[in-house]
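Each chain is listed here by its residues.
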Amino acid sequence: MNANSKPSTSYIRITWLGQGGFFFVSKACRLLVDPYISDCIQRIQGLKRLHPFPLQLNSLRPDTLLVTHDHLDHLDPEGVEEIHLRYPACHFAGPARAHDHFRRLNIAEEMLTEIAPDSQTTFGDITVTAVFAAHSDPSACGYVIEANDQRIYLTGDTLFDERLFSPQTTDVDLLLICINGKLGNMNADEALRCIERLRPRMALPMHYGLFAENTADPAPFIEACRHLGVSSFPMTIGKEFTL
Ligand SMILES: [Zn+2]
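## Topic: the overall build of the protein chain
Okay, so step 1: Looking only at helices and strands, one finds five helices and 13 strands in the protein chain.
Okay, so step 2: The C-alpha radius of gyration of the protein chain comes to 17 Å, within 12% of the 18 Å expected for a compact globule of 243 residues.
Okay, so step 3: When its C-alpha atoms are laid out on the principal axes, the protein chain stretches across 50 × 45 × 30 Å.
Okay, so step 4: Scored against the burial criterion, the 243 residues of the protein chain give a buried share of 55%.
Okay, so step 5: Of all intrachain contacts in the protein chain linking residues separated by at least 6 positions in sequence, the fraction that spans at least 24 positions is 61%.

See below:
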C-alpha cells in the first residue's frame, strides 16, 4: 500500500442493478436503492424486462432498501415483499408516496423511515441527503450518498430543472444520471448540460436497457463526458466497481 491508498477498512462498492437501481456496500451498510427485482411491470403494463435481476437474492443481506419514488421500476412491490420476507431486519426508506406504499405492503412502522425533502438520514456509515427531482411522483427525490469521504449524486428519475443545481449536488465524486429521455426523464443532451454545470469527477449514465420501449444508447453521452474532461464508462449490470 502506498501513502495515497485508502485504508482497506474503508470503501464503498457500487453495483448497477439495471434501470435506476444500485447496490452500495460500505464497511457498515448494505444499501439497496431502487431495485427492480420482479417482473411486475410485464404483468401490469405488458413491458418485458430485457435482463433478469443481476444478483442472487439469497446473498444480498441488505440493511436498508431505499427508493427515490413510488413507480414500479423503482418501488417494486413484489420485490419489496420478497426482501421483507427474506430479510425481516431490513429497513425500508423513501419519500412520502413511497412511504405510504411501504405501509400498504404491511411493513411494520418501526422498519420504515420517511425521507423528507432536503433531509439527511444516516444508514450505518452512509449518509443520504434527499435532493430535488422533477418527476411525475411529486414527492420524488434524488440522493447525495456519502461514505468513505466520497460523494455520489444519484439523480433518480428527473427532468432537467434549475433546481437540480445546488451546493450539495456540485463537485461530487460520482454522478449517476438518467439519460433515457422519456416518461419524465432527461435525455442525454440534457444530462450533458447537467455535467457542464455540476462538474462531477466521474459521470455514469443510467436508467436505460431494462425495457426495449424505454431505453437509450449511452455511447454518445460517455464520449461527450470524456470530451469535457469528466471520466465515464458504460456500467456492466451486476458487476461491482469501487470509487
Ligand atoms: Zn424510472
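## Observations concerning the side chain of Thr-155
Okay, so step 1: Position of Thr-155 relative to the elements: it lies in the loop between strand 10 (150-154) and strand 11 (174-178).
Okay, so step 2: A polar side-chain atom of Thr-155 sits 3.4 Å from the main-chain amide nitrogen of Cys-178.
Okay, so step 3: In this structure, Thr-155 is in contact with Ala-133, Cys-141, Gly-142, Leu-175, Leu-176, Ile-177, Cys-178 and Met-206, ignoring residues within four places of it in sequence.

## Quick word on the pairing of strand 12 (residues 202-206)
Okay, so step 1: With five of five residues buried, strand 12 is to be regarded as a mostly interior element.
Okay, so step 2: Side chains Met-202, Leu-204 and Met-206 of strand 12 all project onto a buried face; the interleaved residues Ala-203 and Pro-205 project onto the opposite face, where all are buried too.
Okay, so step 3: Bridging between strand 11 and strand 12 involves five bridges; their strand directions are parallel. Within strand 12, the residue paired with Cys-178 across the bridge is Met-206.
Okay, so step 4: Remark: the strand 11/helix 4 (residues 188-198)/strand 12 crossover connection has right-handed handedness.

## Some words on the packing of aromatic side chains
Okay, so step 1: Scanning the entire structure with this criterion turns up six aromatic pairs.
Okay, so step 2: Ring centres 5.9 Å apart and planes at 25 degrees place the aromatic pair Phe-22 and Phe-24 in the stacked group.
Okay, so step 3: You can call Phe-24 buried: its relative accessible area is 0%.
Okay, so step 4: Plain terms: the ring middles of Phe-92 and Phe-102 are 5.5 Å apart, the flat faces sit at 55 degrees to each other, and that makes the pair tilted. With Phe-92 in strand 5 (residues 91-94) and Phe-102 in helix 3 (residues 96-104), this pair connects stretches of sequence that are 10 residues apart.
Okay, so step 5: We note Arg-13 situated over the ring of Tyr-11; from NZ or CZ to the ring centre the distance is 4.3 Å.

## As for the sheet that holds strand 10
Okay, so step 1: The six strands are arranged 7-8-9-10-11-12 in an open sheet whose pairing can be described as mixed. Of all strands in the sheet, those with a lone pairing partner are strand 7 (120-123) and strand 12, marking the two edges. The average undirected angle you get between the axes of adjacent strands in this sheet is 20 degrees.
Okay, so step 2: Across three bridges, strand 10 lies against strand 11 in parallel orientation. Paired with Tyr-153 across the strands is Leu-175, a residue of strand 11.
Okay, so step 3: This element, helix 4, spans strand 10, strand 11 and strand 12 of the sheet and lies at about 155 degrees to strand 11.
Okay, so step 4: Contacting strand 11 and strand 12, helix 5 (residues 219-227) runs over the sheet at an angle of about 170 degrees to strand 12.

## What about the sheet that holds strand 3 (residues 30-33)?
Okay, so step 1: Read across the open sheet, the seven strands follow the order 6-5-4-3-2-1-13; overall the sheet is mixed. Edge positions in the open sheet fall to strand 6 (112-114) and strand 13 (241-242), since each of these has one partner strand only.
Okay, so step 2: One ladder, built from four bridges, connects strand 2 (residues 21-26) with strand 3; its direction is antiparallel. Of the residues in strand 3, the one forming a bridge with Val-25 is Arg-30.
Okay, so step 3: Running over the sheet, helix 2 (residues 77-86) touches strand 3, strand 4 (64-66) and strand 5 and is turned about 150 degrees from strand 5.

## Focus: the coordination of the zinc ion
Each pair of donors in an ideal four-coordinate tetrahedral metal site encloses 109.5 degrees, whereas pairs in an ideal six-coordinate octahedral site enclose 90 or 180 degrees.
Okay, so step 1: Of the protein atoms, only Asp-73 (OD), His-74 (NE2), Asp-157 (OD) and His-207 (NE2) coordinate the zinc ion, at distances of 2.1 to 2.3 Å.
Okay, so step 2: Its four donor atoms give the zinc ion angles of 89 to 162 degrees at the centre, a pattern that matches the irregular case.

## Re the environment of Tyr-153
Okay, so step 1: By secondary structure assignment, the location of Tyr-153 is in strand 10.
Okay, so step 2: Sequence separation between Tyr-153 and Ile-177 is 24 residues, and the spatial gap between their C-alpha atoms is 8.1 Å.
Okay, so step 3: If we skip the residues at most four places from it in the chain, Tyr-153 touches Val-131, Phe-132, Tyr-143, Val-144, Leu-164, Thr-169, Val-172, Leu-174, Leu-175, Leu-176 and Leu-198.

Rules of the game
- Residues numbered from 1 in each chain as written.
- Predicted model: local features only at pLDDT ≥ 70, side-chain atom pairs only at ≥ 80, totals over all residues.
- Heavy atoms only, no water.
- Helix = DSSP H or I, 4+ residues; strand = E, 2+ residues; numbered from the N terminus.
- Rg over C-alpha atoms; globule rule 2.2 N^0.38 Å.
- Buried < 20%, exposed > 50% of the residue type's maximum accessible area, 1.4 Å probe, protein only.
- Contact = heavy atoms within 4.5 Å.
- Polar contact = N/O pair within 3.5 Å; in protein donor to acceptor, adjacent residues only side chain to side chain.
- Pairing = 2+ DSSP bridges.
- Right-handed = clockwise from strand over helix to strand, strands pointing away.
- Phe/Tyr/Trp six-rings, centres within 6.5 Å; stacked < 30°, edge-to-face > 60°.
- Lys NZ or Arg CZ within 6 Å of the ring centre and 35° of its normal.
- Axes fitted to C-alpha atoms, helices over the stretch in contact; angles between N-to-C directions.
- Donors = N, O, S within 2.8 Å, 3.2 Å for Na, K, Ca; no water.
- Tetrahedral: all angles 85-135°; square planar, octahedral: opposite > 155°, others 65-115°.

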